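Notes for the structure review
For reference, the chains in residue letters:
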Amino acid sequence: STGIRSRKKYWLLNHNPQIGLPKMSFFKYVTLVPSFSYSETWIKVIQTDQSISANIDPKTYRTYSYSGSVSARTNLYGTFYPNVFGILGLRHTISPVISYSYSPDINKHPNVRSYVGGGARSAKSQSIGLNLNHLLQAKYKKGETENSVDLISINSGFSYNFEADTRRYSNLNTLFQSSAIPRITFSGSMVHSLYKPGTDEVDFWSPTLESFKLDASFSFSGKSFIFDDPADRGVQPGAETPNDLIQTRGGLPTFMSASHGWRFSAGYGYSESGTDLSFRKFSFFRFNLNFNLTPTTSFNYSHDYDVDDGKTIHNSVRIVRQLHCWSGSIYWVPIGSNRGFGFQLFVTAIPDIKIDNNHDSYLQAFQR
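Keep in mind that what you see is a predicted model, and the values were worked out from it rather than measured.

Each value, and the rule that gives it
Residues numbered from 1 in each chain as written. Predicted model: local features only at pLDDT ≥ 70, side-chain atom pairs only at ≥ 80, totals over all residues. Heavy atoms only, no water. Helix = DSSP H or I, 4+ residues; strand = E, 2+ residues; numbered from the N terminus. Buried < 20%, exposed > 50% of the residue type's maximum accessible area, 1.4 Å probe, protein only. Contact = heavy atoms within 4.5 Å. Areas by Shrake-Rupley, 256 points an atom, 1.4 Å probe, with all protein chains shown as cover. Phe/Tyr/Trp six-rings, centres within 6.5 Å; stacked < 30°, edge-to-face > 60°. Lys NZ or Arg CZ within 6 Å of the ring centre and 35° of its normal. Core = buried A, V, L, I, M, F, W, Y, C linked by side-chain atoms within 4.5 Å. Salt bridge = Lys/Arg side-chain N within 4 Å of Asp/Glu carboxyl O. pLDDT = per-residue confidence, 0-100. Pairing = 2+ DSSP bridges.

Let's talk about the overall build of the protein
The helix and strand inventory of the protein stands at three helices and 21 strands. Split into buried and exposed, the 368 residues of the protein put 27% on the buried side. Here the analysis covers contacts within the protein between residues at least 6 apart in sequence; of these, 51% occur between residues at least 24 apart. Carbon and sulfur atoms provide 56% of the accessible area of the protein, an area that totals close to 23100 Å².

Okay, structure coming up:
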């Protein structure tokens, strides 16, 4: 043995300056937003046996990359005043956004970047994007007070890649959301292909639906529950009770300051994707109930039900108890791949100090 150790030796310094460009307005209606990013790397290679073997001279190298983009946006408004059923007005806002982005092909010192495993580099890209945002709002009168609410928002967009060899148009992606009904929220998404199925022929007027997703959720809560002691319903500011548990810290539950009471939430999810033989769909219900058994003990139950298969896919029970500076929890998962029983005991302020039965997989079921 010669006793000579094979090694690499180099210095690497990255520069990523933040370059802010001001917004510009044209004719008071169109807002132009430019942006520019730049990255530079200095690489100092020290001569070693590996640099000699890689045929890299011991000196300082400079690599860099940059990209730029610009977007233009405006808002178009339409207002209707029905003045019926307490609805004073409806407003439809359309916000078209067109954007352009570009980055050149910069490939400085590829052998050096490969040797050190880093360095600024960019591949050529050039694309244009189009987004169309819709917002429908209502103004209504309740008593002597006027209020406004967002009925539904829809955002659709696609892009065109100048550098792609085929299928330069991206999918048409659409997001929608509504919370017009109190305590109930709807949201979803759709993905359409702008090409005829199985071909590279563009068909703008009859896009193909590739996937659809819908989520709906609602919640109800009350200030008192059957287990609450009326004498204890007044909670002092800062007092810790486990009703709305449950944040997690270090993988363990901690308590949030909350009043007594209960909370019930439910959700429905539906999704489908593919066509013909590859078509798939899935739908489920999810329920969750949380309440106090005592001022320092909370109970949580969750249940997931597969609508298509007509069976429960997950349910769980958790009881959390706080005693002075300590917190303990017992959890039970009777159904599913994570089924089992476990417990934890930990210092509330320092969750890393704990005793448990190491059933981490069961705990994860409660954090879904």
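Now that the structure has been shown, we can carry on.
A few points about the packing of aromatic side chains
As enumerated under the stated definition, the model contains 18 aromatic pairs in all. Here the aromatic cluster, defined as three or more aromatic residues joined through ring pairs, consists of F158, Y160, F162, Y169, Y195 and F204. When the ring centre of Y115 is taken as origin, the NZ or CZ atom of K8, which lies over that ring, is 4.7 Å away. Positioned above the aromatic ring of Y195 is the side chain of R167, whose terminal nitrogen or guanidinium carbon lies 4.5 Å from the ring centre.

Some points on the nonpolar core
Soluble globular proteins: nonpolar side chains tend toward being buried together. Core analysis: the largest hydrophobic core is formed by seven residues, namely I43, V45, I56, Y61, V112, Y115 and V116. Among the elements of the structure, β4 (30-45) and α2 (110-116) are those that each provide at least two residues to this core. In terms of residue count, α2 provides more of this core than any other element does, three residues in total. Not counting residues up to four positions away in its chain, the partners in contact with I43 are W11, L12, K59, T60, Y61, V112, R113, V116 and G118.

Describing unusual backbone geometry
Although it is not a glycine, H109 adopts a positive phi angle of roughly 50°. Examined against the element boundaries, H109 turns out to sit in the loop between β7 (87-103) and α2. Even without being a glycine, R167 presents a positive backbone phi close to 45°. Within the secondary structure, R167 sits in the loop between β9 (145-161) and β10 (172-178). R167 sits in the partly exposed class, given a relative accessible area of 38%.

Overview of the side chain of S283
Checked against the element boundaries, S283 lands in strand β16 (residues 280-294). Look at S283 and you get buried, because its relative accessible area is 4%.

Overview of the pattern of salt bridges
Scanning the entire structure with this criterion turns up five salt bridges. Across the salt bridge formed by R62 and E40, the nearest N and O atoms sit 3.1 Å from each other. Of the two residues, R62 is situated in strand β5 (residues 60-73) and E40 in strand β4; the sequence distance between them amounts to 22 residues. By relative accessible area, which is 39% here, R62 ends up partly exposed. R167 is paired through a salt bridge with D200; the nearest N and O atoms lie 3.0 Å apart. One end of the pair, R167, is in the loop between β9 and β10; the other, D200, is in the loop between β11 (184-193) and β12 (208-222), with 33 residues separating them in the sequence. Residue class for D200 comes out exposed when judged on its relative accessible area of 51%.

A word on the environment of T166
Among the secondary structure elements, T166 is positioned in the loop between β9 and β10. Judged by its relative accessible area of 53%, T166 falls in the exposed class. A C-alpha to C-alpha distance of 7.5 Å links T166 and D200, two positions 34 residues apart in sequence.

Considerations on the side chain of S65
The topology assignment puts S65 in strand β5. Taking relative accessible area as the criterion, S65 reaches 11% and is therefore assigned buried. In this structure S65 touches S37, Y38, S39, I106, A120, R121 and S122, once residues within four positions along its chain are discounted.

As for the environment of L90
Within the secondary structure layout, L90 lies in strand β7. Take L90: its relative accessible area is 25%, and that puts it in the partly exposed class. Sequence separation between L90 and G78 is twelve residues; the distance between their C-alpha atoms is 8.3 Å.

Notes on the confidence of the model for the protein
When pLDDT is averaged across the protein, the result is 84; 85% of the residues are at 70 or more. Looking at the elements of the protein, mean pLDDT is at its lowest for strand β13 (residues 247-249), recorded as 43, and at its highest for β10, recorded as 96. Overall, residues 233-259 carries pLDDT values under 50, and its contacts beyond four positions in sequence, including any with other chains, amount to 75 contacts.

A word on the pairing of β10
The pairing of β9 with β10 spans five bridges and is antiparallel. The residue bridging S153 from the neighbouring strand is Q177, located in β10. Across seven bridges, β10 lies against β11 in antiparallel orientation. Residue pairing across strands places T174 opposite M190, the latter belonging to β11. Counted between consecutive antiparallel strands, the loop separating β10 from β11 contains five residues, among which R183 sits at a positive phi close to 70°.

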